[in-house]
Amino acid sequence: MIFIVGIAMTIVTASPSEGRFAQPEVGIFIVDLAILSAFVMLALHAERYWTIWICSMQVIQVLSHIPIMIIPELLPQAYFVIAAFWVYPMLIVLTAGTYRHQQRLRQFGVDKSWSDFSFWQK
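Residues numbered from 1 in each chain as written. Predicted model: local features only at pLDDT ≥ 70, side-chain atom pairs only at ≥ 80, totals over all residues. Heavy atoms only, no water.

## Some remarks on the overall build of the protein chain
For the protein chain, the count of helices and strands is six helices and zero strands. Ordered by position from N to C terminus, the α and β elements of the protein chain give α-α-α-α-α-α. Along the three orthogonal principal directions, the C-alpha set of the protein chain runs to about 55 × 25 × 25 Å. Counting every position in the protein chain, which comprises 122 residues, the buried fraction comes to 32%. For the protein chain, contacts bridging at least 24 residues in sequence account for 64% of all contacts bridging at least 6. Surface summary for the protein chain: the accessible area is close to 7,900 Å², and the carbon and sulfur share equals 73%. (Helix = DSSP H or I, 4+ residues; strand = E, 2+ residues; numbered from the N terminus. Buried < 20%, exposed > 50% of the residue type's maximum accessible area, 1.4 Å probe, protein only. Contact = heavy atoms within 4.5 Å. Areas by Shrake-Rupley, 256 points an atom, 1.4 Å probe, with all protein chains shown as cover.)

## Here we look at the packing of helix α3 (residues 50–63) against helix α6 (residues 87–108)
For the pair α3 and α6, interaxial distance at closest approach is 10 Å and the crossing angle is 175 degrees. By the criterion of interaxial angle, the relationship of α3 to α6 is roughly antiparallel. Here Trp50, Trp53, Ile54, Met57, Gln58 and Gln61 of α3 come into contact with α6, specifically with Val87, Pro89, Met90, Val93, Leu94 and Gly97. Here the contact of α3 with α6 is built from residues that sort into nine nonpolar, three polar and no charged. (Axes fitted to C-alpha atoms, helices over the stretch in contact; angles between N-to-C directions. Parallel < 35°, antiparallel > 145°, perpendicular 65-115°, else oblique. Nonpolar A, V, L, I, M, F, W, Y, C, P; charged D, E, K, R; others polar.)

## Some details on the side chain of Ser15
Considering the arrangement of structural elements, one finds Ser15 in the loop between α1 (2–13) and α2 (26–45). Accessibility expressed as a relative area gives 16% for Ser15, which makes it buried. A distance of 2.9 Å separates polar atoms of two side chains, one belonging to Ser15 and the other to Glu25. (Polar contact = N/O pair within 3.5 Å; in protein donor to acceptor, adjacent residues only side chain to side chain.)

## Considering a nonpolar patch on the surface
A surface patch of nonpolar side chains, about 520 Å² in accessible area, is lined by Val59, Leu63, Ile66, Met69, Ile70 and Ile71. Those elements giving two or more residues to the nonpolar patch turn out to be α3 and α4 (66–70). Counting residues per element, the nonpolar patch draws most heavily on α4, at three residues. Counting through the fold element by element, Leu63 comes out in helix α3. (Patch = residues over 30% accessible without salt bridge, like charges linked within 9 Å, V, L, I, M, F, W, Y side chains within 5 Å. Salt bridge = Lys/Arg side-chain N within 4 Å of Asp/Glu carboxyl O.)

## Quick look at the packing of α2 against α3
Two elements in contact, α2 and α3, have axes whose closest approach is 9 Å; the angle formed by their N-to-C orientations is 160 degrees. Considering the angle they form, α2 stands roughly antiparallel to α3. The element α2 and its partner α3 pack so that their crossing is left-handed. Side by side, α2 and α3 meet where Phe29, Asp32, Leu33, Ile35, Leu36, Phe39, Val40, Leu42 and Ala43 of the first sit next to Trp50, Thr51, Ile52, Ile54, Cys55, Gln58, Val59, Gln61 and Val62 of the second. Counted by class, the contact of α2 with α3 contains 14 nonpolar, three polar and one charged residues. (Left-handed = near helix turned anticlockwise from the far one by under 90°.)

None of the figures reported here should be taken as evidence of function without further support.
So, in structure tokens, the structure goes:
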């Protein structure tokens, strides 16, 4: 859900296509910060390592907005590649985490999803 909402909000907040990534994308930056916050909350409560990996990649994603703020003449294509790259490894990690969860369910019949201290634990 975090990815789906993030994609939708990124589309809504992106600059018009002719000027996209020519200057700092403040809307996308704010969406990336919100996604990072959501993943941090998930990582704090989940009993999974992949959530920490996704958080670290999302931190890089957020930091990718800084070069255009420091170097305004940065090429829009370079800014786009830097800002968009980490989505793909994050989806790979999510896929691998989901696959491993399904394997543990088949093997053990149960796979604890939430930490003992999580308010999401059933």
